[in-house]
Amino acid sequence: MFRKLIFIFCLNAFVATAQEPVDYVNPFIGTSNYGATNPGAIAPRGLASVSPFNVSVQKDAGWLSNPYVKQYKFLTGFTHVNLSGVGCPDLGVILTMPTSGNIMTNHMDYGTTYKNEISKAGYYAVELDKYNVKAEVTASQRVGVSRYTFPAGKSNVLLNLGLGLTNEQGAMVKVVSDTEIEGMRTVGSFCYNSPEQAYPVYFVAKFSKPASEFGAWKKPYKYDGVEAQWMGYNGKTRLMKGYTKTVVGDSIGAYMSYQFKKQTQVEVMIGVSYVSIANARENLEKETNGKKFDAVYKETKQAWNKRLSRVKVEGGTEDDKTIFYTALYHTQIHPNILNDSNGEYPEIATGKIGKTSENRYTVFSLWDTYRNYHQLMSLLYPKQQSNMVKSMLSMYDENGWLPKWELNSTETFTMVGDPASVVIADTYLRGIQDFDVDKAYKAMVKGSTQMEDNPLRPGVKEYWQNGYLSVDGGAVGSVSTTEEYNISDFAISQLAKQLGKTMDYKRFLNQSVSYRKLFDSKLKLMRPKNSDGSWYEPFDPYKGANFEKNVGYIEGNAWQYAFMVPHDIKGLMKLMGGKKQFVKHLDYIFENDQYDMANEPDIAYPFLYNYSKGDEWKTQQKVHQLIDEYFTNKPGGLPGNDDTGTMSAWLVCAMMGIYPVSPATPVYTVTTPRFDKVTISLDSEYYDSDELIIERNGAVDGKIKTIKLNGKMQSGYFINHQKLVNGKLLTIMTEK
């Protein structure tokens, strides 16, 4: 009997402590070392998110693209729309701030240090030193939810619309009642582009307790001329108690104040919309519907666990599981939904309101994500990937062009290339084909071949005439952009082949290797040329690293672009003089600090050794070393900017042991999995098998001896997508 009781006790203890995938997520990873993530609360692919805002002091003192940095310690509120893992500032607005005592409207006065931060998937909490207030936040998809625990005495909730991460200004606020505030904030000019397309984000805030006092404030423009002597209020903040009229301006806000006799909690729910205040209110009502903070958090946590449980891992260390599931978590933030609960969303370019019965996605950082992210989504979340492609095609319907770097139905034209074509072709070739492929193909060809007024491909006429972009031709990053156009044209060729368009297939395939005209056979590097065909001088193959500006390259140097032709690796190998020289060049990059794990151009390089028979062990070694060096369970645990999940996607693929090495080629290359067993639940709507299991037998740092699919020996290190998803069991045997 005693043994039985002990067994039951141990079993219960195990059940109580067993961790689900959601429990491994550490949102502090990436909040330092320029990772540009934040530890705030968000639902999977949520439109709304609530993040602590601690960059007020540093704003404009350096390059800040995120509302929170772990090492900063001065908090001035909680934002309700945010971006994660981007390289430029925008959003980070609609700030609430709980305070106690007298009302202060200047954030540098009411800001505070803090302690005891907690961050989980869908939840963040912190204690504010100045006010003895505990702040907790969570979120549904379109609603940010806060719970503030105030001490006895006078307490306030400030809503500051003048502060934000965006460089845009302008807002509107109106106190509707003692429990409700509505308004709008202008955002936009992402990466300092398209300021004329700045746009509004609307909100409705509801408070769980009626305020004993409410009001608004406005700090007007300060006059310096003759009239200034008559204006006793010149430039002074106006605190307007009980004010219920609409307030418009740049530095404005509203507040709710309370007199508590004992410690009291106030919950604040803020619905947001990019369409209207009415939609923000509808989002709020539909998604909260009388729920309290704990109920919203419970649902969001469950949603995260369901999403993350698409992949189950066994073995590995606790830190391995943490960095893996946090990376998977980061891949489920962007692209995020744009449409409201009623399906409405702002169209791109038209100024009209569209409506969808599915999800309209936004935040397409395609220069980054085309390389690995969307391939991972096709494998793990094909329905999402399908809707992302449909969103791109809707943008084409509205705008006449596929997106390049789209944000909230604004085309920012950030970065270079024509990456949407790669994503669409790759998706279709992986068997996700429930979208209008004829329309897609037409859009892709237009982007590649329209010679005049082509916003996607600057320099397109020269590119088709000469096969490359020149230094003096007007397009930036001539080598980089030529390679990007080549990859896109390869993608078009592969889709053309699939659709039976033989002439197009040959035409675009031939164009996709025009990078060879920039190959210097002496240096065995791609280098910039002038329009007359001569080499650009002076040429320094090392210049351009670490974001140094350099002629011919975008965010990289000649070494970091030396192998960025993933669709033609065998052709490049031949250009370089064969396998031996190819590997020698790769070795040089890694051994001489020319590999940049923090950026995209060379992101696939560790996997390129798999193209050289007998050197595959170097891929296994390099990937293992890179994970250990750059991905850790710490705030600085990303190599750099997460680029809306691209770095995290690299890690997820690498740790599972399969990497999509060539965009628009439905193939994975194999490396050593980090875990003993990886079980992927496959979507039955798109795949015949219900799951794919990847097993590693042997040491995690041992060289691969054999690769078997369903017990059948594989002859190389590449596996077709369809073969893999229908294979059920991939077994990788390594040395003990």
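Residues numbered from 1 in each chain as written. Predicted model: local features only at pLDDT ≥ 70, side-chain atom pairs only at ≥ 80, totals over all residues. Heavy atoms only, no water.

Asker: Sorry if this is basic, but what is going on with the overall build of the protein chain here?
Answerer: Within the protein chain one finds 18 helices and 35 strands. Relative to its length of 736 residues, the protein chain is compact, with a C-alpha radius of gyration of 27 Å against a globular reference of 27 Å. When its C-alpha atoms are laid out on the principal axes, the protein chain stretches across 90 × 80 × 45 Å. By the burial criterion, 63% of the 736 residues in the protein chain qualify as buried. (Helix = DSSP H or I, 4+ residues; strand = E, 2+ residues; numbered from the N terminus. Rg over C-alpha atoms; globule rule 2.2 N^0.38 Å. Buried < 20%, exposed > 50% of the residue type's maximum accessible area, 1.4 Å probe, protein only.)

Asker: What am I meant to see in the pattern of salt bridges here?
Answerer: If charged atoms from side chains of opposite charge come close, those side chains can pair. As enumerated under the stated definition, the model contains 30 salt bridges in all. A salt bridge links Arg281 to Glu180, with the nearest nitrogen and oxygen atoms 2.4 Å apart. Pair noted here: Arg281 is in helix H3 (residues 277-288) and Glu180 is in strand E11 (residues 180-187), with a separation of 101 residues, a long-range link. Residue classification places Glu180 among the buried positions, given a relative accessible area of 10%. (Salt bridge = Lys/Arg side-chain N within 4 Å of Asp/Glu carboxyl O.)

Asker: Could you clarify how one ought to interpret the packing of aromatic side chains in this entry?
Answerer: Two aromatic rings, taken as a pair, are described by how far apart their centres are and by the angle between their planes. Using the criterion set out here, one finds 28 aromatic pairs in the structure. Aromatic pair Tyr123 and Tyr297: ring centres 5.1 Å apart, planes at 40 degrees, arrangement tilted. Here Tyr123 is found in strand E6 (residues 123-128), whereas its partner Tyr297 is found in helix H4 (residues 293-308), with 174 residues between them in sequence. With respect to burial, Tyr123 and Tyr297 carry one shared label: buried. Their ring planes at 10 degrees and their centres at 5.6 Å tell us that Phe631 and Trp650 sit as a pair that is stacked. Here Trp650 lies in helix H17 (residues 646-656) and Phe631 lies in the loop between helix H16 (616-630) and H17, a separation of 19 residues in the sequence. A relative accessible area of 3% means that Phe631 is categorised as buried. Chaining the aromatic ring pairs together yields one cluster made of Phe78, Tyr148, Phe150, Tyr258 and Phe260. Across the ring face of Phe28, the terminal group of Lys70 is positioned such that the distance to the ring centre comes to 4.1 Å. In this structure, Arg507 packs its charged tip against the face of Trp464, placed 4.8 Å from the ring centre. (Phe/Tyr/Trp six-rings, centres within 6.5 Å; stacked < 30°, edge-to-face > 60°. Lys NZ or Arg CZ within 6 Å of the ring centre and 35° of its normal.)

Asker: For this particular structure, what's the right way to read the state of the cysteines?
Answerer: Formally, a disulfide is one covalent bond, and it connects the sulfur atom of one cysteine to the sulfur atom of another. The tally for this structure, following the rule as stated, stands at 1 disulfide. Disulfide pairing places Cys88 opposite Cys191 at an S-S distance of 1.8 Å. Here Cys88 and Cys191 share a disulfide; its torsion about the S-S bond, 80 degrees, makes the bridge right-handed. With Cys88 in the loop between strand E3 (78-79) and strand E4 (95-100) and Cys191 in the loop between E11 and strand E12 (199-207), this residue pair connects regions lying 103 residues apart in the sequence. One exposure class covers both Cys88 and Cys191, and it is buried. (Disulfide = S-S within 2.5 Å.)

Asker: What am I meant to see in the sheet that holds strand E33 (residues 712-713) here?
Answerer: Strands in a sheet are paired, the pairing made by backbone hydrogen bonds, and the direction either parallel or antiparallel. The strand order E18-E30-E31-E35-E32-E33 describes an open sheet built from 6 strands, whose pairing is mixed. Of all strands in the sheet, those with a lone pairing partner are strand E18 (311-314) and E33, marking the two edges. Looking at chain direction, strand E30 (residues 677-681) and strand E31 (residues 691-697) are connected through 5 bridges and run antiparallel. When the sheet's bridge partners are listed, Ser681 is paired in E31 with Glu691. (Pairing = 2+ DSSP bridges.)

Asker: Is there a simple way to think about the side chain of Thr672 in this case?
Answerer: Following the sequence through the fold, Thr672 ends up in the loop between strand E29 (667-670) and E30. Given the relative accessible area of 10%, Thr672 is considered buried. Each residue touching Thr672, except ones within four places of it in the same chain, is listed here: Gln620, Ala654, Gly657, Arg696, Ala699, Val700, Gly702, Ile704 and Thr734. (Contact = heavy atoms within 4.5 Å.)

Asker: Looking at this structure, how should I read helix H10 (residues 437-449)?
Answerer: Since one α-helical turn is 3.6 residues long, residues separated by three or four positions face the same way. For H10, with 13 residues, the first-to-last C-alpha span of 18 Å sits near the 18 Å given by 1.5 Å per residue. Three or more residues of H10 are buried, namely Val437, Ala440, Tyr441, Ala443, Met444, Val445, Gly447, Ser448 and Thr449. The inward-facing, buried residues of H10 abut helix H8 (382-399), helix H9 (419-429), helix H11 (460-466), helix H12 (478-498) and helix H13 (502-511). Measuring from the side-chain oxygen of the N-cap residue of H10 to the backbone nitrogen of Asp438 gives 3.3 Å; that N-cap residue is Asp436. (Expected span 1.5 Å × (residues − 1). Polar contact = N/O pair within 3.5 Å; in protein donor to acceptor, adjacent residues only side chain to side chain.)

Asker: How should I be thinking about the sheet that holds strand E10 (residues 171-177) in this particular structure?
Answerer: The antiparallel open sheet is built from 9 strands, whose spatial order is E5-E6-E7-E8-E17-E12-E11-E10-E15. Each edge of the sheet is formed by a strand with only one pairing partner; in this case those strands are strand E5 (114-120) and strand E15 (247-249). When strand polarity is set aside, the average angle formed by the axes of neighbouring strands in this sheet is 15 degrees. In this structure, E10 lies alongside E11, joined through 6 bridges in antiparallel fashion. Bridged to Lys174 within E11 is Glu182. In the packing of H4 onto the sheet, contacts are made with E5, E6, strand E7 (133-139), strand E8 (143-150) and strand E17 (264-273), and the angle to E7 comes to roughly 45 degrees. (Axes fitted to C-alpha atoms, helices over the stretch in contact; angles between N-to-C directions.)

Asker: Teacher, can you tell me more about the pairing of E31 here?
Answerer: Bridge count between E31 and strand E35 (residues 729-734): 5 bridges; the pairing is parallel. Pairing of Asn697 across the sheet is with Met733, part of E35.

Asker: Hey, could you run me through helix H7 (residues 373-380) in this one?
Answerer: Buried residues dominate H7, accounting for 8 of its 8 residues. Inspection of H7 places Tyr373, His374, Gln375, Leu376, Met377, Ser378, Leu379 and Leu380 among the buried residues, and these make up the whole buried set.

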